[in-house]
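Chain residues, written in single-letter form:
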Amino acid sequence: MVLVCGGAGYIGSHAVYQLINKGEDVVVVDNLETGHIEAVHPKAKFYKVDIRNEEELDKVFKENNITEVIHFAANSLVGESMTNPLKYYNNNVHGTEVLLKVMIDNDVKRIVFSSTAATYGEATKMPIVETDKTEPTNAYGETKLAMEKMMKWADIAHNMKYVSLRYFNVAGAHVSGTIGEDHSPETHLIPLILQVPLGKREFISIFGEDYDTEDGTCIRDYIHVVDLANAHIKAIEYLRKEDNSNIFNLGNGNGFSVKEMIVAARKVTGHEIPAKICERRAGDPARLIASAEKAREILKWEPEFTNVEDIIASAWNWHKNNPKGFNK
Ligand code: UDP
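The rules behind these values
Residues numbered from 1 in each chain as written. Predicted model: local features only at pLDDT ≥ 70, side-chain atom pairs only at ≥ 80, totals over all residues. Heavy atoms only, no water. UniProt positions renumbered as here; feature names shortened; annotations may be inferred. Salt bridge = Lys/Arg side-chain N within 4 Å of Asp/Glu carboxyl O. Helix = DSSP H or I, 4+ residues; strand = E, 2+ residues; numbered from the N terminus. Buried < 20%, exposed > 50% of the residue type's maximum accessible area, 1.4 Å probe, protein only.

Labelled according to an unreviewed UniProt entry, the chain appears under the name UDP-glucose 4-epimerase, originating from Clostridium sartagoforme. The UniProt entry for the chain carries the following text under Subunit (unreviewed entry): "Homodimer." The record held by UniProt for the chain lists under Sequence similarities (unreviewed entry) the comment "Belongs to the NAD(P)-dependent epimerase/dehydratase family."

Could you clarify how one ought to interpret the pattern of salt bridges in this entry?
Pairing is possible between side chains that carry opposite charge, provided their charged atoms lie close to one another. Inspection of every chain in the model, using the stated rule, returns 22 salt bridges. As a salt-bridge pair, arginine 240 and glutamate 24 come within 2.9 Å of each other at their nearest N and O atoms. Of this pair, arginine 240 sits in helix H7 (residues 225-242) while glutamate 24 sits in the loop between helix H1 (10-21) and strand S2 (26-30), and the two are 216 residues apart along the sequence. The class for glutamate 24 is partly exposed, based on a relative accessible area of 21%. Across the pair aspartate 105 and lysine 101 runs a salt bridge whose closest N-O atoms are separated by 3.0 Å. Here aspartate 105 pairs with lysine 101, and both are found in helix H4 (residues 85-105), just four residues apart, close to one helical turn. The exposure class assigned to lysine 101 is partly exposed, which follows from its relative accessible area of 39%. One continuous salt-bridge network, built from bridges that share partners, spans Glu24, Glu68, Arg110 and Arg240.

Right, here's the structure in full:
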């Protein structure tokens, strides 16, 4: 049985769907601070528990035959992490400390961890490989790196085997049309662009046109949420087979500028989507592109959504049919 912490969130809920499609038994723990109960697959057993609550979390382990944990339960807003870093240390770092303690107490020694490209900070060469230096430029990335390090030392001391997956820019929605992205506040580029054709926003703001890139706007590597979810299943299989800790980047390996994403969204939606150039957003690196060669080679992971228009179309399908998100 797989325990998914944060299984009511955007990426966590997609991982639960893919696990259940694969025939796994799933338990979800989520405090529903940012997650949605409607996003939890009906076949998953659900506990409204905060991972910082050791007693309640321990009960979940005692009541279920958990063999692996996938850990998504964290705060993930870069901007908020800069104004309220202690919230991030408490929920992300302390939360992971409690989770690892309960896992060790219950002799569960396999964990797949939701990490981020933000652990690298301002990378100097592209594409980014897992051995590149990790110097986060924001508190969010710093806490994710601290969580990775905690697992490394838990491995050395307690034989806790972990796979850390460093995501680049996640987007899109499940093909079933039942779950998708619903953040409040929304800060991500694709859902914000799509708010224009939905009539919720008059134009999309382009944060800076003076970066050192071909068209002056920031370049990112967009990866579909279902491809990402599938990588977690590959990571579980890897832990079951290899019993080894490892770190993998997850991205498509292709960079798209903000302007290119707007053009693609115009094509997908048939809407003119007006755009306005604005100031740069603090802390945005000019370019972030993954090398996911290691995941391809070792995990045998292969993304299916390699075209950004398909990724945008999948997000558009969700937002068009659920303009209020889960709050129907
Ligand atoms: N961005 C933008 N306008 C927006 C939101 C985002 O120009 O309204 C840019 C942002 O500066 C970054 C890229 O889009 O270069 C992706 O931002 P997002 O927040 O989606 O992901 P991040 O790369 O920050 O994780």
